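Inside the fold
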Amino acid sequence: MLSVYVPSESSLKKVAVADAATLPESAVWIDMVKPTTEEDRAVERLTGIAVPTREDMQEIEISSRLYIENGARYMTATLMCHSDTDMPRTTAVTFIMAGHRLVTVRYDMPKPFALVENKLGRSCMPGISGEMVLMELVDAVIDRCADILEKVGADVDQVSHDIFEPESERHGQAKRYSQILIAIGRKGDLTSKVRESLVSVGRVVTFLSAVMEGVKWSKDMREQLKTMQRDVASLTDHASYLSNKITFVLDAMLGVVNLEQNNIIKLFSVMAVVLMPPTLIASIYGMNFKAMPELEWAHGYPMALVMMLMAAVLPYFLFRWKKWL
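Below, the structure is looked at part by part. Predicted model, so just to flag it, every value in this text is computed and none were measured.

Scoring rules and cut-offs
Residues numbered from 1 in each chain as written. Predicted model: local features only at pLDDT ≥ 70, side-chain atom pairs only at ≥ 80, totals over all residues. Heavy atoms only, no water. Pairing = 2+ DSSP bridges. Helix = DSSP H or I, 4+ residues; strand = E, 2+ residues; numbered from the N terminus. Axes fitted to C-alpha atoms, helices over the stretch in contact; angles between N-to-C directions. Contact = heavy atoms within 4.5 Å. Core = buried A, V, L, I, M, F, W, Y, C linked by side-chain atoms within 4.5 Å. Buried < 20%, exposed > 50% of the residue type's maximum accessible area, 1.4 Å probe, protein only. Patch = residues over 30% accessible without salt bridge, like charges linked within 9 Å, V, L, I, M, F, W, Y side chains within 5 Å. Areas by Shrake-Rupley, 256 points an atom, 1.4 Å probe, with all protein chains shown as cover. Salt bridge = Lys/Arg side-chain N within 4 Å of Asp/Glu carboxyl O. Phe/Tyr/Trp six-rings, centres within 6.5 Å; stacked < 30°, edge-to-face > 60°. Lys, Arg positive; Asp, Glu negative; His and termini not counted. Charge placed at Lys NZ, Arg CZ, Asp CG, Glu CD.

1. Topic: the sheet that holds strand S2 (residues 12–15)
Consider a sheet: its strands pair through backbone hydrogen bonds, and that pairing is either parallel or antiparallel. Here seven strands make up an open sheet; going across it, the order is S2-S1-S3-S7-S6-S5-S4 and the pairing mixed. Either end of the sheet is taken by a strand with one partner, and the two such strands are S2 and strand S4 (66–69). Strand-to-strand, the axes of this sheet are offset by a mean angle of 25 degrees, without reference to chain direction. As paired strands, strand S1 (residues 2–7) and strand S3 (residues 29–33) are joined by four bridges and run antiparallel to one another. Directly across from Ser3, in S3, lies its bridge partner Asp31. Running at roughly 160 degrees to S3, helix H1 (residues 37–47) makes contact with S1, S3, strand S6 (89–98) and strand S7 (101–106) of the sheet.

2. Considerations on the nonpolar core
Residues Trp29, Met75 and Phe95 are the most contacted members of the largest nonpolar core, which totals 57 residues. Going through the elements one at a time, strand S5 (72–81), S6, helix H4 (111–122), helix H5 (130–164), helix H6 (177–211) and helix H7 (219–284) are the ones with two or more residues in this core. The dominant element in this core, judged by the number of residues it contributes, is H5, at 15 residues. Discounting chain neighbours no more than four positions away, the residues touching Phe95 are Arg73, Tyr74, Met75, Ala77, Leu79, Leu102, Val103, Thr104, Phe113, Leu134 and Leu137. In this structure, Val6, Ala27, Ala42 and Ala98 belong to the second largest nonpolar core, which totals 21 residues.

3. Notes on a nonpolar patch on the surface
Residues Leu280, Ile284, Tyr285, Met287, Phe289, Trp297, Met303, Val306, Met307, Met310 and Leu314 make up a contiguous nonpolar surface patch of about 1,000 Å² in total accessible area. When residues of the nonpolar patch are traced back to their parent elements, those giving at least two are H7 and helix H8 (300–321). Per-element accounting of the nonpolar patch gives the leading share, five residues, to H8. You can see Trp297 is positioned in the loop between H7 and H8.

4. With respect to the packing of aromatic side chains
Scanning the model with the defined rule gives three aromatic pairs in all. Measuring from ring centre to ring centre gives 4.8 Å for Tyr67 and Tyr74, while their planes differ by 10 degrees; the resulting arrangement is stacked. Tyr67 gets classed as partly exposed once you look at its relative accessible area, which sits at 25%. With a relative accessible area of 1%, Tyr74 lands in the buried category. By way of ring pairs, the aromatic residues Trp29, Phe95 and Phe113 are connected into one cluster.

5. Quick look at a negative patch on the surface
There is a patch of like negative charges on the surface, built from Glu55, Asp56, Glu59 and Glu61. Structurally, Glu55 can be placed in helix H2 (residues 54–57).

Don't take any of this as a statement about function, it's just geometry.
Have a look at this one:
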């Protein structure tokens, strides 16, 4: 699917393309979503560039993701997708700067693209070019990563409160440790994916900073690029901090679970020790030997009950005195 955008008086207008072979020359941004072979050829004829395949976009070598070919600058970044769902994932997106025209190739729907499309569709600077659209997209990706990290931080704080909440707030109910562990795992996975995306975007920003020396970019765009570099660095540090915090919360959660299990085992051990002497007394007097003098004693039964009761009470008070309970 092709989405072609051409500049109008004060906005970036999306135009309908009936045939991929008739792309408008005035297009400054061509967004290719799961492109077909015919769409690839049409864009290649218009821009004079080679559109990378999905396999090319998934290469992990930096030299395969950031390079210059026939005057066009190719930049492939890993972006977040479906971060608001229980199954977030990352996807590779390629940005191609061919002259002053931007071509994006993607096989998923990252949210920053819809945000930039709506923003530029409402208003944009006069004489907008592909470089400006690229800066808007990269800035939107960084803002999206910041929003995700902010939400993850709030969720981790809530999980931490659930683990370390005071006894007075538990109301005697068993804590749902399995759900807390699942929440911690999901937040850790989401944070790692955001950090991966930030590292990838940081490489793109660094690449742009290196190649813009030979390009006549405005002073504002250069300053914006430096600001994005600082934002990426600070957000990457924040993602690392959240990863360490999630690891701490996970260790604390496992420690709390171990303490709960130890308390249960200790309770069973104390009950076994408390009931062992009465069981011994009952076993002795439950034997059916003929020569047992106590069997003929009139007060033998109440005496055995008293002995079993004392044998159970004395160990209990001994454990309380030793502060084992």
